[in-house]
Amino acid sequence: MILAITFYVRQPIWGVAIVGKIPEAPLPITKALFKSKYYDTLRPIIFREAAKTWEAAKWNLDFFTDQYGDTVVSVQLDETLTGEVEGPVKTTYISTTLKKYIQHIKEHGIKAGYLNQWNILSIHPELHTFLQIPAFYESKMLTITNLWLGPKGTKSKLHYDSDHNLFTQIYGRKLVTLISPDQSKKCYPINRTWYDGYSPIDILNPDLEKYPLFADVVMLQAVLEPGDCSTSLKAGGMMFVR
Ligand SMILES: O=C(O)CCC(=O)C(=O)O
């Protein structure tokens, strides 16, 4: 299982094009230093174990089955979760209960689909007590809080993002890839809009004959472990997650 929380941040633009790994910084860091060094200069950064002591670190499939099993959720079920996507994509969702979805994860793994962008606090506001916003972050900059719950191997296709985020890995591991706006034309984007723009390329297995420009793309990558926080500062750029 993989589980993550993202807080969305309304603050457009990116600023850097860098090669290689998403950089890491040690904690503690003051609000002022975080803002001047990373936020204002739009540098993606990872703070390892920043959320290790969150109450949410206790979350697992049994917690959601026992406490929220009857909640109705919308689960994405299409091919964008598993491989290369030829556009245009018809995204398919089914409505089910959390209990049934979790049962499907246990029985069918990746075929169970992805409970993504679940705006949990709008439905269960009491869950905010499980999330302790890191002290370096101005919590007033955060807007929507989304939960992403899926089976091992689930992918979020390479897509555009309109907002920065504060991404926290709760359970399982995720490979996060960020591509800055100046690189995105090498990703053969389809629907260049913030809400449904994406690339047809499976970046883990790119077809370079079909997408030769992708061979030169500059990406930042990192594996996030439980408790790690990353501030993607990716607005206007592209993101891929597995
Ligand atoms: O975790 C994921 O699968 C995708 C996250 C994402 O797209 C985002 O934070 O904007």
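Residues numbered from 1 in each chain as written. Predicted model: local features only at pLDDT ≥ 70, side-chain atom pairs only at ≥ 80, totals over all residues.

Caption draft 1: The arrangement of the overall build of the protein in detail. Per the secondary structure count, the protein includes four helices and 13 strands. By residue count, 38% of the 242 residues in the protein fall in the buried class. (Helix = DSSP H or I, 4+ residues; strand = E, 2+ residues; numbered from the N terminus. Buried ≥ 20, exposed ≤ 12 C-beta atoms within 10 Å, placed from the backbone.)

Caption draft 2: Highlighting the sheet that holds strand 13 (residues 238-241). Pairing is mixed in the open sheet, where five strands are placed in the order 2-11-10-13-8. A strand with exactly one partner marks an edge of an open sheet, and here the two such strands are strand 2 (20-21) and strand 8 (156-160). (Pairing = 2+ DSSP bridges.)

Caption draft 3: Spotlight on the confidence of the model for the protein. Mean pLDDT over the protein: 85, with 85% of residues reaching 70 or higher. Here strand 1 (residues 2-9) is the element of the protein with the lowest mean pLDDT, 65, and helix 2 (residues 61-68) is the one with the highest, 96. Counting contacts from residues 9-19, a segment whose pLDDT is below 50, to residues more than four positions away or on other chains yields 36 contacts. (pLDDT = per-residue confidence, 0-100. Contact = placed C-beta atoms within 7 Å.)

Caption draft 4: Highlighting helix 3 (residues 98-108). Every buried residue of helix 3 is accounted for by Leu98, Tyr101, Ile102 and Ile105. One side of helix 3 carries all its buried residues, which in axial view fall inside an arc of 100 degrees. Exposed side chains of helix 3 directed beyond 90 degrees from the buried face belong to Glu107 and His108. Buried residues along helix 3 sit against helix 2, strand 4 (72-76), strand 5 (93-97) and strand 6 (115-118). One or two residues past the end of helix 3 sits glycine 109, with phi positive at roughly 55 degrees. (Arc of directions from axis to C-beta.)

Caption draft 5: View of the pairing of strand 10 (residues 174-179). The sheet contact formed by strand 10 and strand 11 (residues 220-224) spans five bridges and is antiparallel. Counted as the bridge partner of valine 176 is alanine 222 from strand 11. Relative to strand 13, strand 10 is paired through four bridges, and the arrangement is antiparallel. Residue pairing across strands places valine 176 opposite valine 241, the latter belonging to strand 13.

Caption draft 6: Summary view of the nonpolar core. Ranked by size, the top nonpolar core spans 52 residues in total, and within it Tyr101, Leu115, Leu158 and Cys187 carry the most contacts. No other element matches helix 3, which puts four residues into this core. With residues near it in sequence (within four places) discarded, tyrosine 101 still touches Val73, Val75, Thr96, Ala112 and Leu115. (Core = buried A, V, L, I, M, F, W, Y, C linked by C-beta atoms within 7 Å.)

Caption draft 7: Quick peek at the environment of tyrosine 114. Tracing the chain through its elements places tyrosine 114 in the loop between helix 3 and strand 6. Through-space distance from the C-alpha of tyrosine 114 to that of tyrosine 93 is 9.2 Å; in sequence the pair is 21 residues apart.

Caption draft 8: Fine view of the environment of proline 189. Here proline 189 lies in the loop between strand 10 and strand 11. The class for proline 189 is partly exposed, based on 19 C-beta atoms found within 10 Å. Note: C-alpha distance between proline 189 and methionine 238 (49 residues apart in sequence) is 9.6 Å. With residues up to four places along the chain from it excluded, the contact list for proline 189 reads Ser184, Gly197 and Ser199.

Caption draft 9: Here's a closer look at unusual backbone geometry. Cis rather than trans, the peptide bond between leucine 27 and proline 28 has omega equal to 0 degrees. Within the fold, proline 28 resides in the loop between strand 2 and helix 1 (31-39). Phi at glutamate 49 takes a positive value of approximately 65 degrees, unusual for a residue other than glycine. By the element assignment, glutamate 49 lies in the loop between strand 3 (45-47) and helix 2.

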